[in-house]
Amino acid sequence: MADLQIRKEITEFQTKAQSDKDEEEIEEEGANELENPALTGSLSAQYDGCNPYLYSQFSLHTKEEKINQIILLQDVIHSVKLAFNKEFESVFKQKEQEINRVKDKNQRLQEIMTELDLKEKLWEPELCDNEKPERALTVDDSEIKVEKYLTPEQKRKAEELAKIEEQRRLAAKGDNARERALDDMMGGVLEVKKEDILKMEIPQPEFTSKPEAQWLEDEKKQFKEYEKKVKELNEEREKYRKTLEAEMKKLQTSIKDSTQVFDETLSRLFERKVKSEMVIYQEELKIANLVFSIVIEEELVNRETELNHLLDKTRKMKHASAEELKNCKVQVDAFRETYDNIVAEDKLLDRGFRKEFFDVPTSMVDQLYKLYKRRPRVQRMRTQIDTVGPADQPGSVQATRDALFPLMKAMGELDDPQSMPEGLDPSIWQRFCLSRRTKVESEQMVKQKALTLAEMQAFLQKRTEEDEKHKRDIEKIIDDLNGLREEKMRFQLDLIVQFLLKQGSVEVDGSNFIADYSDALLLHRGAVEDLNGTIRTLGEQKIASMVESKDFRTGIIQQEWEHMRMRMQMEDLNNKARDIQMLKVSRELQVYLNETDHESCSAKQMSVLEQTLAAQKKNHKKNVKNAKRIIKGLERQITHKDKENDSLDKELQELLVTVSERRHVYGAIAVEDNTAINTEKRYQDIIERRKLVDLARTQAQEVAILRAEVERLRMKTFPALVQIGH
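Calculation rules
In every chain, residue numbers begin from 1 and rise along the written sequence. Restriction of local features to residues with pLDDT of at least 70 applies here, the model being predicted, together with a cutoff of 80 or more for giving and counting side-chain atom pairs; totals for whole chains, interfaces and linings are based on all residues. Only hydrogens and water are removed before side-chain values are computed, so all heavy atoms of the structure are retained for them. Under the scheme used here, helices are H or I runs from DSSP no shorter than 4 residues and strands are E runs no shorter than 2 residues, and both carry numbers assigned from the N terminus. By the convention used here, residues are in contact when the closest approach between their heavy atoms is within 4.5 Å. Under the convention used here, a 1.4 Å probe and the Shrake-Rupley method define accessible areas, while residue burial counts only the protein chains that appear. When a carboxyl oxygen of Asp or Glu is within 4 Å of a side-chain nitrogen of Lys or Arg, the pair counts as a salt bridge. Only protein chains enter the area calculation, which uses a 1.4 Å probe; residues under 20% of their type maximum are buried, those over 50% are exposed, and those in between are partly exposed. An expected span of 1.5 Å times one less than the residue number is assigned to each helix. Residues enter patches when they are more than 30% accessible in relative terms and free of salt bridges; like-charged ones are connected within 9 Å and nonpolar ones (Val, Leu, Ile, Met, Phe, Trp, Tyr) within 5 Å. Ring pairs are drawn from Phe, Tyr and Trp, using the six-membered ring of Trp, whenever the two centres fall within 6.5 Å, and their geometry is named by plane angle: stacked under 30 degrees, edge-to-face over 60, tilted for the rest. pLDDT measures how confident the predictor is about each residue, on a scale from 0 to 100. What makes a nonpolar core is a set of buried Ala, Val, Leu, Ile, Met, Phe, Trp, Tyr and Cys residues whose side-chain atoms join them at distances within 4.5 Å. Definition of a polar contact: a pair of N or O atoms within 3.5 Å, with one able to donate and the other able to accept a hydrogen when the atoms are protein atoms, and with sequence-neighbouring residues admitted only if both atoms are side-chain atoms.

Okay, the overall build of the chain next. From N to C terminus, the chain includes 15 helices and zero strands. The contacts in the chain between residues at least 6 apart in sequence include a share of 78% that link residues at least 24 apart. Accessible surface computed for the chain: about 58,100 Å², of which carbon and sulfur atoms make up 55%.

In C-alpha cells:
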C-alpha cells in the first residue's frame with residue numbers, strides 16, 4: 001500500500017506539473033473538456049446517463065477507484081435502460097390508443113361501407129404475442145377446435161333456457177295493435193332516419209300497369225307527383241352517398257396520417273434504441289477494460305506476493321546454508337590441522353628409521369629399509385563420498401578400519417623369522433617388526449584421515465555450491481521483483497483510455513475484425529491540419545511547376561509543328577516548280593498562251609460546242625429511229641424464230657426417239673469400234689494441245705520483242721529532262 005501511495009503521488013505530481021504548463025488553457029476550456037464525449041469515451045450524458053460522481057479516465061490508478069468506477073458505470077447503464085424503457089412505455093401506450101382509435105374509425109367505416117354496399121377488407125391493427133406476452137397464459141374459445149362436451153344435466157338446463165327464451169319472445173311479439181299500425185303506416189318507425197334514405201323505395205301507383213293511353217287526368221297528375229318524388233329521393237340518395245364517401249375518405253386519410261405519425265414516432269424510438277445500445281456497449285467496453293486492468297493488477301500483485309514469499313524463503317535457506325557452511329569450514333580447518341600433524345609424524349617415522357637402527361651395519365640397514373617399505377598385497381576396499389556432514393561419516397572410517405585387520409594379518413606373514421635377512425639379530429628383527437607395524441598403522445591412519453578430509457572437502461564444496469546457488473536465486477528473484485514492480489508502475493501509469501472519434505479521423509487499417517492499435521499514435525488535429533496544409537502547399541507548387549512545364553512543352557510542340565508546316569510548304573513549292581519545268585507544251589497550250597483575247601476565243605469555242613451539241617442531238621435522234629426500226633425488225637424475227645423453234649422442238653422430239661432407238665442398236669453393234677476411235681481421238685487431242693503450247697510460246701516471244709521496240713520508240717519521241725536539285 002505504501003508503494004501504491006508513492007506511485008499515486010508521482011502520478012499526481014506529473015499531472016500537476018503538466019497542468020501548471022497549461023493552466024490558462026485549462027481554466028478556459030476545462031469545463032468543455034469535462035463535457036466532451038471524446039474524452040469521456042461514451043455518449044451516455046446525452047441519453048440520461050449522466051453521473052457527476054464518475055472518475056475521470058485519466059485518474060483511475062488504484063484498484064478501489066476502478067471498482068467504484070465499474071459500479072458507477074453499471075449505474076449509468078441502468079439509468080440509460082430506465083430512460084429508454086420509460087420512453088418505450090409511453091410509445092406502447094400511444095400505440096394502444098392509436099389502435100383503439102383505428103378500431104373506432106374502422107367500425108364507422110364498416111357502417112359506411114355497408115350502407116354503400118361496398119365489400120372491401122379493412123386493415124385491423126392488433127398487438128402481437130411478443131407485445132402481450134400474458135396472452136400465452138389465456139385460452140380463447142376460438143382456439144379450441146374440438147366441440148365442447150356437455151353432460152346430460154348441462155344439456156337439459158340448456159334446453160329449458162331455450163324454451164323459456166322462446167316463450168318470452170312469443171309473448172313480446174303478441175297481438176300489439178300499436179306496433180301493427182306503426183308498421184302499416186310508417187314502416188315501424190315514427191321518424192325516418194337519414195341512414196335509411198338509401199333503403200327507401202317509393203311504391204309505384206297501381207294504374208301504371210295499364211297502358212298510358214287509358215290513364216285519367218288524376219292518374220296522370222299522380223304519376224307526375226310520383227316522378228317528382230322519385231327524382232327528389234334520387235337527389236337525396238346521391239347527396240347522402242357523396243356525404244358518406246367524403247366521410248369515408250376523411251376517415252381513411254385520418255387513419256393513414258395517424259399511422260404515419262406513429263410510424264415516425266416508432267422510427268425515432270428505434271433510433272433511440274440503437275443509440276442506447278451503442279451507449280450501453282460503450283460503457284460495457286469501459287467496464288471490460290477496467291475489469292481487465294483489475295485482473296492484470298491482481299495478477300501482478302499475486303506475482304509480487306509470490307516473489308516476496310519466495311525471496312523470504314530463499315533468504316532463510318541462504319542464511320541456514322551460510323551457517324552450515326561456516327561450521328563446515330571450521331570443522332574442515334580443524335581436521336586439516338590434525339591431518340597435517342599425522343602426516344608430519346608419519347614422515348618423522350620414515351626419517352628416524354636409520355637413527356633407530358644405528359647399531360646395525362649400513363648394508364643390513366639398506367636391506368631392512370627395503371623390507372621396511374615392503375607391504376603385503378591385500379584387496380583394497382572402495383569408499384564413496386556421501387552427502388551427509390563430516391560428523392555423520394562413519395562409513396569410510398569403518399571401511400579403513402576393516403581394511404586394517406587383514407593388512408595386519410598379512411603383516412604377520414612378513415614378520416615371520418623366515419623373512420629375516422641372514423646374519424641379523426632376532427632381537428633387532430623383533431624391534432624392526434614393531435617399528436614396521438607402527439609405520440603401517442601410521443600410514444593407515446594417514447589414509448584414513450586423508451579420506452575423511454577428502455569427504456569433508458567434498459561436503460564443503462557441495463555446501464559452497466548450494467550457498468552460491470541460493471545467492472544466485474536471490475539475485476534472480478530480486479531482478480524479477482524489480483522488473484515486476486517496474487511493469488506494475490508502468491501499468492498503473494499507462495492507463496487504458498477510451499476515446500470517441502469521428503468517422504474518418506482514425507486512419508488505422510480496419511480490415512481485421514478488431515483493429516490493432518499497438519503501433520498507432522494519437523495526434524492533435526492541429527498537427528494533422530498543419531501537415532495537410534504543408535502537403536497542400538507543396539502540391540499546389542508541384543501542380544504549378546507541372547503546368548509551367550506543360551505550357552513550355554506545348555510551345556515546343558507548336559514550334560515543331562510550325563517548322564514541319566514550313567518544310568511541307570517548301571516541299572510543295574519544289575514539287576510545283578519541278579512540275580512547271582517538266583510540263584509538256586502542247587499546241588493547244590501554245591495557242592492559249594499566244595492568244596490575248598481569251599473572251600472571244602471562249603465565245604468561239606462555245607459556239608463550236610453548241611453546233612457540235614446540236615449535230616450530236618440530231619445524230620442521236622436519227623440513231624434512236626434506226627434503233628427502233630431495228631428493234632421492230634428483231635421483234636418480227638423473234639416471232640418468226642419462236643415459230644421455227646416450236647416446229648424444231650417437235651422435230652427434235654421425233655429425232656430424239658429415233659436417236660435413242662439407233663443408239664441402242666449402235667451400242668449393241670459398235671462397242672469394239674468405240675475403243676479404237678476413242679484412242680485415236682485422245683491422240684489427236686494431245687497433238688493439238690502440243691501445237692497450241694508451241695504457238696503460245698512463239699507469240700509470247702514476239703510480244704516481248706514488240707514491247708521492247710515500243711519502249712525504244714517512246715524514248716526517242718519524249719526527250720529526257722535534267723532533274724534539278726534543290
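This next bit is on the pattern of salt bridges. A full pass over the atoms with the stated rule returns 28 salt bridges. Where D333 meets R336, a salt bridge forms, and the shortest distance between an N and an O atom there is 3.2 Å. Here the residue D333 and the residue R336 both occupy positions in helix α7 (residues 217-351), the gap between them amounting to three residues, near one helical turn. Residue classification places R336 among the partly exposed residues on the basis of a relative accessible area of 29%. Note that E466 is salt-bridged to R463, the shortest N-O span being 3.2 Å. Of this pair, E466 and R463 both sit in helix α11 (residues 426-493), three residues apart, which is roughly one turn of the helix. Residue R463 is classed as buried on the basis of its relative accessible area of 11%. Connected through shared salt-bridge partners, D48, E87 and R272 make up one network.

Once that is clear, we can look at helix α4 (residues 63-115). Spacing of three or four residues puts side chains on the same side of an α-helix, whose turn is 3.6 residues. For α4, spanning 53 residues, the distance from its first C-alpha to its last is 77 Å, which sits close to the expected 78 Å at 1.5 Å a residue. Just beyond α4, the residue with positive phi is D117, at close to 60°.

Right, let's get into a nonpolar patch on the surface. Taken together, F58, F499, L501, V506, Y517 and L522 make up a surface patch of nonpolar side chains, about 600 Å² in accessible area. By the secondary structure assignment, V506 is in the loop between α11 and α12 (525-581).

The full count for this structure, using the stated rule, is two aromatic pairs. Relative to F92, the ring of F88 lies with its centre 6.3 Å away and its plane at 20°, an arrangement referred to as stacked. Pair noted here: F88 and F92 are both in helix α4, with a separation of four residues, about one helical turn. Residue class for F92 comes out buried when judged on its relative accessible area of 17%. Here the aromatic residues F84, F88 and F92 are joined through ring pairs into a cluster of three or more.

On to the confidence of the model for the chain, then. With 78% of its residues at a pLDDT of at least 70, the chain reaches an overall mean of 78. Within the chain, the lowest mean pLDDT, 46, falls on helix α2 (residues 23-35), and the highest, 91, falls on α12. Note on residues 719-726: pLDDT is under 50 here. Beyond four places in sequence and across chains, it has six contacts.

A word on the side chain of D467. Here D467 is to be found in helix α11. On the basis of relative accessibility, which here comes to 9%, the residue D467 falls in the buried class. With residues near it in sequence (within four places) discarded, D467 still touches K318, S321, A322 and L325.

Quick look at the nonpolar core now. Ranked by internal contacts, the top residues of the largest apolar core, which has 13 residues, are I70, V80, V279, I287 and L290. Counting residues per element, the ones that place at least two in this core are α4 and α7. Of all hydrophobic cores here, the second largest spans 12 residues; its members include L325, L453, M456 and F459.

Moving on, we get to the environment of E304. Residue position: E304 is located in helix α7. Classification of E304 by relative accessible area gives buried; the value is 12%. For the pair E304 and D480, spaced 176 residues apart in the sequence, the C-alpha separation amounts to 9.0 Å. Apart from residues lying up to four places away in sequence, E304 is in contact with L481, L484, R485 and K488.

Moving on, we get to the environment of L495. Within the secondary structure layout, L495 lies in the loop between α11 and α12. Since its relative accessible area comes to 18%, L495 is described here as buried.

Residue position: T114 is located in helix α4. By relative accessible area, which is 56% here, T114 ends up exposed. A polar side-chain atom of T114 sits 2.7 Å from the main-chain carbonyl oxygen of Q110.

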